Amino acid sequence: MNHASPTAPCRLRINGQHYAADLPPSVTLLDLLRERLDLTGTKKGCDHGQCGACTVLIDGKRVKSCLVLAVSIPDAAVITIEGINQDGQLHPMQQAFIDADAFQCGYCTPGQIMSAIALLEEDHAHSREEIREFMSGNLCRCGAYNGIVEAIEHVIAQQDQDSKGEAA
Amino acid sequence: MNVVSANIGQPVPRIDGFAKVTGQATYAAEPHPPGLLYGVIVNSLIARGRIEAIHDEAARAVPGVIEVMTHHNRPHTALFEKSYVDGLGVPGSPYRPLHDGEIHFNGQPVAVVFAETFEAAREAAMLIQVDYERWPHNADFDAALYQKYMPSKTRSNYVPPKTRGNASEAYALSPIKIEGRFHLAPEHHNPMEMHATTVIPEEDCTLTVWDKTQGPQAVQTYLASALSLSGNEVRVRNPYVGGAFGSGLRAQHNVFLAALGAKMLKRPIRVTLTRPQMFTHVFRPEAVMDIALAADRDGTLQSIIVEGVTDTSRFEHNMENLVIWGPIGYKCPNATADYKIAPRDTYTSSDMRAPGAATGVNLFEMAIDELAWACGMDPLAFRLHNYSEIDAMHNMPLTSNALREALLQGAERFGWNGRPPAPRSLRDGREFIGHGMAIGIWDAMFSPTAARARLTSDGRLHIATPASDIGTGTYTILAQTASEAFGIPIDRIDIELGDSTLPECPTEGGSWTAASAGAAVWLACQSLREKFLKALAKSENTPERIRQSEVTLTEGELRGVRDGRREVFSLQEALSFIGEASIEAEETAKPGLRGKISEMRKARFTHSAVFCEVRVDEELGIVRVTRLVNAVAAGRIMNPKTAASQVRGAMVMATGMALHEESLMDERYGRFMNHNFSEYHIPSHADIPEMDVLFVDEKDEEVSPLGIKGVGEIGMCGTAAAIANAIFHATGKRYRTLPIMPGA
Ligand code: FES
Ligand code: FES
């Protein structure tokens with residue numbers, strides 16, 4: 001009957017945990033997370049790199065996981081929405097999303113949050129316009145855009161305050 | 001009902017927020033039972049015809065493929081067509097997936113591949129070849145207009161337009177008039193979560209169905225009937241829904257096919273549509289409205305003539321309340337309207353956020369703006385002069401109408417005063433600036449709904465109603481309601497939604513959930529509270545000192561006062577006195593006699609006034625919306641935070657309607673060809689300015705038991721017109737077709 005499909009080795013660090021398996025090369029990182037590792041916090045909104053729902057961090061950079069084949073990034077460090085809690089506490093961005101009512105259905109939310117966290121690292125958030133421009137890869141059909149921008153601005157303001165505090 | 005606002009009306013953060021920001025909320029495609037199979041649908045490539053042969057040998061040879069299900073080998077389903085009718089009740093012959101070899105629309109499922117992995121199913125699906133006998137089809141809307149008709153049986157919620165006065169004579173005699181054909185392109189709902197179903201056969205032979213739907217009970221009834229099962233063999237769950245906007249009102253083919261697959265293979269099945277497949281089912285119908293309006297020289301509206309057509313499929317008669325909004329909302333002595341539907345060989349169009357009104361109000365408000373300009377009147381002054389305090393079409397008073405306040409407060413907030421009337425009079429560098437406005441109107445609805453409240457020995461209150469939270473904030477406002485009605489802090493409340501086994505509830509949609517489920521939860525909690533306090537007073541185990549005192553329940557604590565001495569004790573203690581592990585009450589909120597009489601005598605609407613600023617690049621024609629203000633009159637606002645998000649969300653979608661969204665038909669194949677997010681544009685972050693939403697005070701004790709009107713749709717109504725009207729003010733050019741793309 002059926003012959004086995006070809007596989008290739010996949011070795012990753014996902015939210016700090018080592019993962020190794022032989023996978024068909026057609027498995028995307030997104031489908032690996034959702035269907036094989038039960039990390040369903042990362043969402044699929046298009047499977048085409050057009051919506052941002054699947055955004056994760058790969059070696060610190062935001063990447064659309066639907067466009068990455070799992071076997072193509074050996075030894076990469078992948079962080080998903082499940083991996084950003086800090087000692088069981090919500091990440092400040094997660095808390096800011098709740099406070100600013102930055103979502104409705106919540107489906108684009110993990111992607112928005114991962115993107116927003118990376119955005120701050122990229123130093124691409126100097127103005128509201130810049131935030132909007134650099135968050136435009138993350139679509140939200142519920143239209144929670146105002147809240148998302150507010151949440152991001154809030155986290156920036158918090159960080160500024162913290163760093164001022166440290167400086168003083 | 002006399003409600004003292006403590007928790008109701010507060011901007012409480014969403015109680016489902018934690019689950020959503022951590023990725024723990026489980027959507028339809030996410031439960032993962034052992035032995036799960038993946039189903040991938042193969043779609044028809046023709047619009048009309050018959051399948052001659054399906055070649056699935058190559059697909060079956062793909063490792064991991066378990067079965068290819070087609071109309072040849074599918075299990076038995078219900079024999080009669082009427083068994084496939086779903087709750088929305090669109091007249092006609094419902095589409096029956098994999099029923100036989102006949103093709104009714106492009107994209108119709110012709111086979112489903114089931115495999116051990118998603119990758120195998122996807123690969124195999126691409127290998128399936130189908131031979132068709134092609135029949136002629138028509139997918140061109142303009143051609144369909146020649147076949148427009150009025151179905152003999154209309155949709156149950158259809159409101160036939162009523163004529164008053166003599167509109168054509170008044171039109172002929174009036175000095176100032178405009179007329180034209182207004183048009184809206186078809187739009188797809190495109191919730192971020194694609195339609196998906198996970199079906200799990202349980203050990204007791206029942207099916208648990210996780211489905212992306214707005215009505216778990218409607219899907220349960222549909223599946224049971226279409227698959228010839230009994231009602232309690234199917235349990236449908238949808239605790240989290242990644243948006244829907246109407247696409248989850250009817251049971252979609254994915255749920256039917258997944259359940260059919262589970263019946264065939266006796267294994268858990270997941271079927272998820274792809275984004276392109278999301279363009280093979282429901283959409284907002286394309287529409288034309290021929291509008292003729294006339295007024296006196298002083299700007300008094302004299303005649304309204306509206307003729308509108310929306311499209312439907314060849315097999316079902318989908319209808320919208322498209323043409324009634326102008327005749328209802330304006331006090332014009334002469335008005336007439338006519339509505340028809342036009343068939344084409346596509347899937348049936350369907351309700352999308354504010355169905356009928358999103359199209360009808362926006363296109364009409366664009367026409368009204370033209371008339372105001374023709375009269376030489378300020379658009380706001382024209383509307384203040386002509387809007388109706390009552391439902392002018394049925395000559396019926398309204399339960400409340402704070403539209404005037406909305407217009408005035410919105411104008412104030414926007415800074416409308418001092419707007420130069422002439423187009424092209426404001427500019428900044430290479431951009432023209434324009435200010436436009438419009439009125440919004442939508443039904444305020446109430447449907448009978450049941451809810452259950454249960455107090456458990458851990459001192460928590462559990463509320464259950466099968467309403468759906470599709471991002472609407474239902475979890476949160478129901479918790480607020482329960483908190484206030486029972487007297488318990490919100491963090492000691494659990495809300496259970498989205499389960500067909502819960503008490504009865506209509507499908508979520510049309511903005512009726514807050515009013516209806518809210519009232520049901522209120523009643524259930526009140527009744528539980530009474531029952532609980534009575535039991536406490538009666539139980540022999542209740543200490544004498546408590547039994548004889550006047551006990552009150554607030555903040556989740558019981559307080560008794562006796563002889564000036566205060567006793568405080570907990571809900572847990574009280575339950576132990578009663579000797580029950582838990583105590584529960586179930587109630588149904590219905591209009592009642594007074595409500596029914598009120599429904600006969602009075603109409604009920606939400607209203608809004610939308611103000612907009614756009615900037616239009618003179619050379620490139622690029623339009624940017626830079627300011628939006630929406631003043632909304634929607635009765636009692638349960639939670640200003642989530643309500644404002646609802647309105648803003650609809651305004652974003654309306655911005656898409658005005659400027660971006662258009663499903664383009666390839667008439668040769670009968671297929672929407674721009675079936676992905678890079679070609680079907682929904683607004684992104686960069687398209688959306690800050691939106692200012694204000695709620696106008698509107699007390700309405702008659703509209704629903706809690707005075708709620710609902711806020712889910714109103715943001716759609718008027719916003720697109722305000723943008724179009726602002727574009728005219730910026731550029732001097734009138735567009736009569738949405739979306740407007742001056743740069744394209
Ligand atoms: S799912 Fe990856 S970008 Fe949409
Ligand atoms: S919150 Fe629903 S898509 Fe963004």
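Owing to the predicted nature of the structure, the values given are computational and were not obtained by experimental measurement.

(A) Representation of the interface of chain B and chain A within the structure. Counting residues at the interface gives 63 residues for chain B, matched by 54 residues for chain A. A buried area of about 4,600 Å², summed over both sides, lies between chain B and chain A, and 55% of it is on carbon and sulfur atoms. The three residues of chain B that bury the most area against chain A are B:Val21, B:Met192 and B:His685, which together make up 19% of that side's buried surface. Our enumeration of links across chain B and chain A arrives at eight salt bridges. In this structure, A:Arg128 and B:Glu690 form a salt bridge, with 2.2 Å as the shortest nitrogen-oxygen distance. Summed over the shared surface of chain B and chain A, the result is 31 residue pairs in polar contact (both at pLDDT 80 or more). Class assignment for the residues of the side of chain B that touches chain A results in 30 nonpolar, 20 polar and 13 charged.

(B) Geometry of the domain arrangement of chain B. All names here are of chain B. Here chain B is described as being made up of domain 1 (2-24 + 447-589), domain 2 (37-136 + 192-244 + 248-278) and domain 3 (147-177 + 283-445 + 603-738). Using only C-alpha atoms to locate each centre, domain 1 and domain 3 end up separated by 39 Å. Between domain 1 and domain 3, the residue contacts involve 26 residues of the former and 20 residues of the latter. Note on domain 1 versus domain 3: buried area summed over both sides is about 1,700 Å², and carbon and sulfur give 61% of it. Linking domain 1 to domain 3 there are zero salt bridges. Where domain 1 packs against domain 3, one counts four residue pairs in polar contact (both at pLDDT 80 or more). Looking at the side of domain 1 that touches domain 3 element by element, the count peaks at six residues for helix α13 (residues 513-538). A breakdown of the residues in the side of domain 1 that touches domain 3 according to their chemical character gives 11 nonpolar, 14 polar and one charged.

(C) Looking closely at the side chain of B:Thr70. Here B:Thr70 lies in the loop between β3 (65-69) and β4 (102-103). In contact with B:Thr70, other than residues within four places in its own chain, are B:Ile54, B:Leu98, B:Val110 and B:Ala111.

(D) Main features of the packing of aromatic side chains. Counted according to the given criterion, the structure contains 23 aromatic pairs over all chains. With centroids separated by 5.1 Å and ring planes inclined at 70 degrees, the aromatic side chains of B:Phe283 and B:Phe672 adopt a geometry described as edge-to-face. Taken together, the residues B:Phe283 in the loop between β11 (269-272) and β12 (287-295) and B:Phe672 in strand β27 (residues 671-672) connect sequence positions 389 residues apart. On the basis of relative accessible area, B:Phe283 is assigned to the buried category, the value being 2%. Its relative accessible area of 5% is what places B:Phe672 among the buried residues. The structure contains a cluster of three or more aromatic residues connected by ring pairs, namely A:Tyr107, B:Tyr27, B:Tyr240 and B:Tyr475. The cationic tip of B:Lys177 hangs over the ring face of B:Tyr171; the distance from NZ or CZ to the ring centre is 5.0 Å. The ring of B:Tyr735 carries B:Lys733 above its face, with NZ or CZ at 4.9 Å from the centroid.

(E) Molecular detail of the sheet that holds strand β15 (residues 426-428) of chain B. Residue and element names in this part refer to chain B. Spatially, β15-β16-β24-β25-β28 is the arrangement adopted by the five strands of the open sheet, whose pairing is mixed. Edge positions in the open sheet fall to β15 and β28 (691-695), since each of these has one partner strand only. Taken pair by pair, the neighbouring strands of this sheet meet at an average axis angle of 25 degrees, ignoring direction. Note that strand β24 (residues 605-617) and strand β25 (residues 623-633) share 10 bridges and pair antiparallel.

(F) Representation of the environment of A:Glu150 within the structure. All names here are of chain A. Mapped onto the secondary structure, glutamate 150 falls in helix α5 (residues 145-167). You can call glutamate 150 partly exposed: its relative accessible area is 46%. Spatially, the C-alpha atom of glutamate 150 lies 20 Å from that of arginine 62, the residues being 88 residues apart in sequence.

(G) Highlighting the sheet that holds strand β5 (residues 109-115) of chain B. Residues and elements named next belong to chain B. Taken in spatial order, the seven strands of this open sheet run β3-β5-β1-β11-β8-β9-β10, and their pairing is mixed. The open sheet has two edge strands with one neighbour each: β3 and β10 (234-237). On average, adjacent strands in this sheet sit at an angle of 20 degrees to one another, irrespective of strand direction.

(H) Up close: helix α2 (residues 92-99) of chain A. Every buried residue of α2(A) is listed here: A:Met93, A:Gln94, A:Ala96, A:Phe97 and A:Ile98. Positive backbone phi, approximately 50 degrees, marks A:Asp101, located one or two places after α2(A).

(I) Structural view of the domain arrangement of chain A. Residues and elements named next belong to chain A. You can read the domains of chain A as domain 1 (8-83) and domain 2 (92-167). Each of domain 1 and domain 2 was reduced to a C-alpha centroid, and the two centroids are 22 Å apart. In this complex, domain 1 contributes 16 residues to the contact, which on the side of domain 2 involves 16 residues. Between domain 1 and domain 2 we count one salt bridge in total. Between glutamate 122 and arginine 62 there is a salt bridge whose closest N-O contact spans 2.8 Å. Counting every contact that joins domain 1 to domain 2 gives nine residue pairs in polar contact (both at pLDDT 80 or more). Of all the secondary structure elements, the ones that give two or more residues to the side of domain 1 that touches domain 2 are β3 (55-58) and β4 (61-64). The residue makeup of the side of domain 1 that touches domain 2, split by class, is five nonpolar, six polar and five charged.

(J) Main features of the pattern of salt bridges. Here the structure, examined in full by the defined rule, presents 55 salt bridges over all chains. In this structure, A:Arg132 engages B:Glu690 in a salt bridge whose closest nitrogen and oxygen atoms are separated by 3.3 Å. Within this pair, whereas A:Arg132 is found in helix α4 (residues 128-134), its partner B:Glu690 is found in the loop between β27 and β28, the two belonging to separate chains. The class of A:Arg132 is buried, set by a relative accessible area of 11%. The salt bridge involving B:Lys699 is made with B:Asp697; its shortest N-O contact spans 3.9 Å. Like B:Lys699, the residue B:Asp697 is exposed in the burial classification. Sharing partners across several salt bridges, the network here consists of A:Arg128, A:Glu129, A:Arg132, A:Glu153 and B:Glu690.

(K) Molecular detail of the nonpolar core. Counting 232 residues, the largest nonpolar core has A:Ile152, B:Leu461, B:Phe486, B:Phe532 and B:Val614 as its most contacted members. Here this core gets 12 residues from one element, more than from any other, and that element is α13(B).

(L) Spatial organisation of the side chain of B:His195. All names here are of chain B. Within the secondary structure layout, histidine 195 lies in the loop between β7 (176-184) and β8 (196-201). Within polar-contact distance, the side chain of histidine 195 engages the side chain of serine 247 at 2.9 Å. When near neighbours in sequence (up to four residues on either side) are disregarded, histidine 195 contacts Lys212, Ser247, Gly248, Gln252, Asn254, Val271, Thr272, Leu273, Met278 and His281.

(M) Structural context of a nonpolar patch on the surface. Residues and elements named next belong to chain B. On the surface, Leu593, Ile597 and Met600 cluster together to form a nonpolar patch covering roughly 330 Å² of accessible area. Turning to its location among the elements, methionine 600 is positioned in helix α16 (residues 592-601). A relative accessible area of 61% places methionine 600 in the exposed class.

(N) Representation of unusual backbone geometry in the model. All names here are of chain B. A cis geometry characterises the amide bond from leucine 738 onward to proline 739, with omega recorded as 0 degrees. Among the structural elements, proline 739 can be located in the segment after β29 (737-738). Backbone geometry places leucine 98, a non-glycine residue, at a positive phi of 55 degrees. Position of leucine 98 relative to the elements: it lies in the loop between β3 and β4. Classification of leucine 98 by relative accessible area gives buried; the value is 3%. For serine 228, which is not a glycine, the phi torsion comes out positive at approximately 55 degrees.

(O) Summary view of helix α7 (residues 253-265) of chain B. Residues and elements named next belong to chain B. Between the first and last C-alpha of α7 there are 18 Å, a value that for 13 residues agrees with the 18 Å anticipated at 1.5 Å per step. Along α7, 11 of the 13 residues are buried, which leaves the element largely enclosed by surrounding structure. Taken as a whole, α7 has its buried residues at His253, Asn254, Val255, Phe256, Leu257, Ala258, Ala259, Leu260, Gly261, Ala262 and Leu265. Positioned one or two residues after α7, lysine 266 has a phi angle of 55 degrees, which is positive.

(P) Structural context of the packing of helix α17 (residues 640-659) of chain B against helix α18 (residues 719-731) of chain B. Residues and elements named next belong to chain B. Axis separation between α17 and α18 bottoms out at 8 Å; the angle between their running directions is 45 degrees. Taken as axis vectors, α17 and α18 run oblique relative to one another. Judged by the twist between their axes, the crossing of α17 over α18 is right-handed. Counted together, Met651, Ala654, Thr655, Met657, Ala658 and Leu659 of α17 and Thr719, Ala720, Ile723 and Ile727 of α18 form the full contact between these two elements.

The rules behind the values
Residues numbered from 1 in each chain as written. Chains lettered and ligands numbered in written order. Predicted model: local features only at pLDDT ≥ 70, side-chain atom pairs only at ≥ 80, totals over all residues. Heavy atoms only, no water. Contact = heavy atoms within 4.5 Å. Buried area = accessible area lost by both parts, 1.4 Å probe. Salt bridge = Lys/Arg side-chain N within 4 Å of Asp/Glu carboxyl O. Polar contact = N/O pair within 3.5 Å; in protein donor to acceptor, adjacent residues only side chain to side chain. Nonpolar A, V, L, I, M, F, W, Y, C, P; charged D, E, K, R; others polar. Domains from an automatic or database assignment. Helix = DSSP H or I, 4+ residues; strand = E, 2+ residues; numbered from the N terminus. Phe/Tyr/Trp six-rings, centres within 6.5 Å; stacked < 30°, edge-to-face > 60°. Buried < 20%, exposed > 50% of the residue type's maximum accessible area, 1.4 Å probe, protein only. Lys NZ or Arg CZ within 6 Å of the ring centre and 35° of its normal. Pairing = 2+ DSSP bridges. Axes fitted to C-alpha atoms, helices over the stretch in contact; angles between N-to-C directions. Core = buried A, V, L, I, M, F, W, Y, C linked by side-chain atoms within 4.5 Å. Patch = residues over 30% accessible without salt bridge, like charges linked within 9 Å, V, L, I, M, F, W, Y side chains within 5 Å. Areas by Shrake-Rupley, 256 points an atom, 1.4 Å probe, with all protein chains shown as cover. Expected span 1.5 Å × (residues − 1). Parallel < 35°, antiparallel > 145°, perpendicular 65-115°, else oblique. Left-handed = near helix turned anticlockwise from the far one by under 90°.

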